[in-house]
Amino acid sequence: MNDESSSKTTVANEFAMVTVDKVQTRNGERLEIASPRLGFRIQLDAMELESLSWQRKDVFSQFLNTPYGPGH
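Residues numbered from 1 in each chain as written. Predicted model: local features only at pLDDT ≥ 70, side-chain atom pairs only at ≥ 80, totals over all residues. Heavy atoms only, no water.

(A) Highlighting the environment of isoleucine 42. Assignment of secondary structure puts isoleucine 42 in strand 4 (residues 40–44). Put simply, isoleucine 42 and glutamate 32 are 10 residues apart on the chain and 5.6 Å apart in space, counted from C-alpha to C-alpha. Apart from residues lying up to four places away in sequence, isoleucine 42 is in contact with Leu31, Glu32 and Ile33. (Helix = DSSP H or I, 4+ residues; strand = E, 2+ residues; numbered from the N terminus. Contact = heavy atoms within 4.5 Å.)

(B) How the structure looks around the pattern of salt bridges. On inspection of all chains with the given rule, the structure shows 3 salt bridges. Its salt-bridge partner being glutamate 32, residue arginine 41 comes within 2.8 Å of it at the nearest N-O pair. For arginine 41, a relative accessible area of 57% gives the class exposed. For arginine 56, the salt bridge identified is with aspartate 58, shortest N-O distance 3.0 Å. Given the relative accessible area of 55%, arginine 56 is considered exposed. (Salt bridge = Lys/Arg side-chain N within 4 Å of Asp/Glu carboxyl O. Buried < 20%, exposed > 50% of the residue type's maximum accessible area, 1.4 Å probe, protein only.)

Structure follows, in structure tokens:
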């Protein structure tokens, strides 16, 4: 990593808090989305992020049916 100032941003409300940070990996830039309170983290590349914009809003509502993934 380089010495650039952190690009980390926190987004929060009364229900959730996430941090979003642009990170450099061996495979290029990724956006890292993390839930510090719950310990979940994911890194998404540009194509994965773009595919989010193709979704209808109800797709994201479906995520809340099993917010911690299947089996939790």
